Amino acid sequence: MSRPTIAAVARAAGVSVASVSRVLNGLPATEEMTERVQRAVEELGYVPDARARSLKVGRTFQLTLAVADVGNPVYVTMMRAVEEVVSAAGYRLVVTTTGPDVVDEVALVRGMARGYADGLVISPLRVDDDLIKSIRECDVPVVVAGNVPAKAEVDTVRANSPKGIRLAVDHLVARGRTRIAFLNGPADTVPGTARAKGFADALKAHNLHPAATAEALDFTFPAGRTTAPHLLSAAERPDAVICANDLLAVGVMHELAGRGLRVPADVAVVGMDDSELAEQSFPSLTSVNLGSAERGRRAAELLLARIEDSTRTPRRIVVQPSLSVRRSTP
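Here the structure is a predicted model, which means the values were calculated and not measured.

(A) Layout of the environment of Val-288. Within the fold, Val-288 resides in strand β9 (residues 286-289). What makes Val-288 buried here is its relative accessible area of 0%. Separated by 17 residues in sequence, Val-288 and Gly-271 place their C-alpha atoms 6.3 Å apart. Ignoring sequence-local partners within four residues, the contact set of Val-288 consists of Gly-164, Ala-168, Val-270, Gly-271, Met-272, Asp-273, Asp-274, Pro-321, Ser-322 and Leu-323.

(B) A look at helix α8 (residues 161-174). Here α8 contains 14 residues, and its C-alpha end-to-end distance of 20 Å stays within 8% of the 20 Å for a straight helix at 1.5 Å per residue. Among all positions of α8, only Ser-161, Gly-164, Ile-165, Ala-168, Val-169, His-171 and Leu-172 are buried. Burial along α8 is one-sided: seen end-on, the buried residues are contained in an arc of 160 degrees. With its phi angle positive at about 85 degrees, Gly-176 sits one or two positions after the end of α8.

(C) Fine view of the sheet that holds strand β2 (residues 92-97). A sheet is described by the order of its strands in space; here six strands give the open sequence β2-β1-β3-β4-β5-β10, paired in parallel fashion. Pairing within the sheet leaves two strands with one partner each, and these edge strands are β2 and β10 (316-319). Shown here is a sheet whose adjacent strand axes are inclined to one another by a mean of 15 degrees, direction ignored. With four bridges joining them, strand β1 (residues 62-67) and strand β3 (residues 119-122) adopt parallel strand pairing. Looking across to β3, one finds that Leu-63 is bridged to Gly-119. Lying on the sheet, helix α5 (residues 73-88) is in contact with β1, β2 and β4 (142-145); it crosses β2 at an angle near 155 degrees. Lying over the sheet, helix α12 (residues 292-308) contacts β1, β3, β4, β5 (155-159) and β10, oriented at roughly 175 degrees with respect to β5.

(D) How the structure looks around the pairing of strand β8 (residues 268-272). Across the five residues of β8, five count as buried, placing the element largely inside the fold. Both faces of β8 are covered, namely the face carrying Ala-268, Val-270 and Met-272 and the face carrying Val-269 and Gly-271. Sheet analysis places strand β7 (residues 240-243) next to β8, joined by three bridges and oriented parallel. Its bridge partner being in β8, Ile-242 is matched across the sheet by Val-270. In this fold, the crossover linking β7 to β8 by way of helix α10 (residues 246-258) has right-handed handedness. Direction of pairing for β8 relative to β9: parallel, over a ladder of three bridges. Within β9, the residue paired with Gly-271 across the bridge is Ser-287.

(E) Broad picture of empty space enclosed by the protein. In total, this model carries one cavity of 30 Å³ or more according to the counting rule given. Computed from the structure, the largest cavity encloses a volume of approximately 50 Å³. Around the largest cavity sit Asn-72, Pro-73, Asn-245, Asp-246, Leu-247, Met-272, Asp-273 and Ser-275, which together line it. Among the residues forming the lining of the largest cavity, the class breakdown is three nonpolar, three polar and two charged.

(F) Structural view of the nonpolar core. One finds Leu-63, Val-86, Tyr-91 and Val-121 to be the most contacted residues of the largest nonpolar core, which totals 25 residues. For this core, the element with the highest residue contribution is α12, accounting for six residues. Apart from the residues within four sequence positions on either side, Val-86 is in contact with Leu-63, Tyr-91, Leu-93 and Ala-300. Core analysis: the second largest hydrophobic core is formed by 19 residues, Leu-108, Val-109, Leu-120 and Ile-132 among them.

(G) Structural detail: the environment of Pro-141. Within the secondary structure, Pro-141 is located in the loop between α7 (129-136) and β4. Along the backbone, Pro-141 and Val-121 are 20 residues apart, and their C-alpha atoms lie at a distance of 8.7 Å. Apart from the residues lying within four places of it in its own chain, the contact partners of Pro-141 are Asp-118, Gly-119, Leu-120, Leu-303, Arg-306 and Ile-307.

(H) Molecular detail of the sheet that holds β8. Here five strands make up an open sheet; going across it, the order is β6-β7-β8-β9-β11 and the pairing mixed. The two strands at the open ends of the sheet, each matched to only one other strand, are β6 (180-183) and β11 (322-324). Averaged over all adjacent pairs, the angle separating strand axes in this sheet is 20 degrees, with direction ignored. Each of β6, β7, β8 and β9 touches α10; the most contacted strand, β8, lies at about 160 degrees to it.

(I) Just the packing of aromatic side chains, in detail. For the coordinates displayed, the defined rule picks out two aromatic pairs. Centroid distance Phe-61 to Tyr-91: 5.5 Å. Interplanar angle 35 degrees. Geometry classified as tilted. With Phe-61 in the loop between α4 (50-57) and β1 and Tyr-91 in the loop between α5 and β2, this residue pair connects regions lying 30 residues apart in the sequence. The exposure classification of Phe-61 matches that of Tyr-91, with both residues buried.

Rules used in this analysis
- Residues numbered from 1 in each chain as written.
- Predicted model: local features only at pLDDT ≥ 70, side-chain atom pairs only at ≥ 80, totals over all residues.
- Heavy atoms only, no water.
- Helix = DSSP H or I, 4+ residues; strand = E, 2+ residues; numbered from the N terminus.
- Buried < 20%, exposed > 50% of the residue type's maximum accessible area, 1.4 Å probe, protein only.
- Contact = heavy atoms within 4.5 Å.
- Expected span 1.5 Å × (residues − 1).
- Arc of directions from axis to C-beta.
- Pairing = 2+ DSSP bridges.
- Axes fitted to C-alpha atoms, helices over the stretch in contact; angles between N-to-C directions.
- Right-handed = clockwise from strand over helix to strand, strands pointing away.
- 1 Å grid on protein atoms, 1.4 Å probe; cavity = no way out; pocket = protein on both sides within 12 Å on 5 of 7 lines; lining within 4 Å.
- Points joined across faces, edges and corners; volume = space filled by probe spheres on them.
- Nonpolar A, V, L, I, M, F, W, Y, C, P; charged D, E, K, R; others polar.
- Core = buried A, V, L, I, M, F, W, Y, C linked by side-chain atoms within 4.5 Å.
- Phe/Tyr/Trp six-rings, centres within 6.5 Å; stacked < 30°, edge-to-face > 60°.

By themselves, these are just geometric observations and shouldn't be taken as functional.
See the structure below:
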């Protein structure tokens, strides 16, 4: 049995092929026409031929989101926001993983020349000149969900991590905590560098010094592990720990509990990302919300706008953080 055509839909609905096309592409149409076309589509079981559509208009109607780790709750939140925006515009979203290496990020951007997507949102952990060059020379529009130098001349949406750290430090100091430690992720990444600077600046603003270094805390990072296997000697114990993400923070709370220390009575704990895990942990976790959903939404909007007008002046958007206070801090 041959598949129904758009012409068959037009005959069944009693309208022109152009009218069917308008309805199927979400263009303005009368309510009556829309109902007639949708009813005919359902009765005939019509499915648009994506391949023919792509050849006709020169687009795949497919967009790519590239992140370091699709299992990270932050990226899951971002993915959902991107997908909601692009699907409403008639695009499919393909999600891929780059891993932490900039070489793989560059390879992915250059691979966009194969023509399997009309645009790319990439959230790079590491940035170098090769990545910037590949983005500028990419055959399809690229939006960076992260921070790259202005010389890249590309649309960007980034979090304000230093301000997020400052919110956490201000909150802890206001509650009497002065021996504050910071557990960062890899320091050679873009977000790791921003968080470290933000923490140093926040402590300086309060005339404080770090309670301990990562070495003093005896944190180690085995491959693929996100929780700390060892934590704090009693003599060096801080009264608060800020963690680079919620996964680390929950791991810290587990380790504290294993050592008979109470959260927050003995040690307050703050995470970053304000993921679903923050609400589900025990105690519930105070966390810095870096606007993952908002960053995803804005990045998707910038990409759609760039696809429609490649001559636009690049925009650099900064999404401001907020602090979600829960039971892990007093």
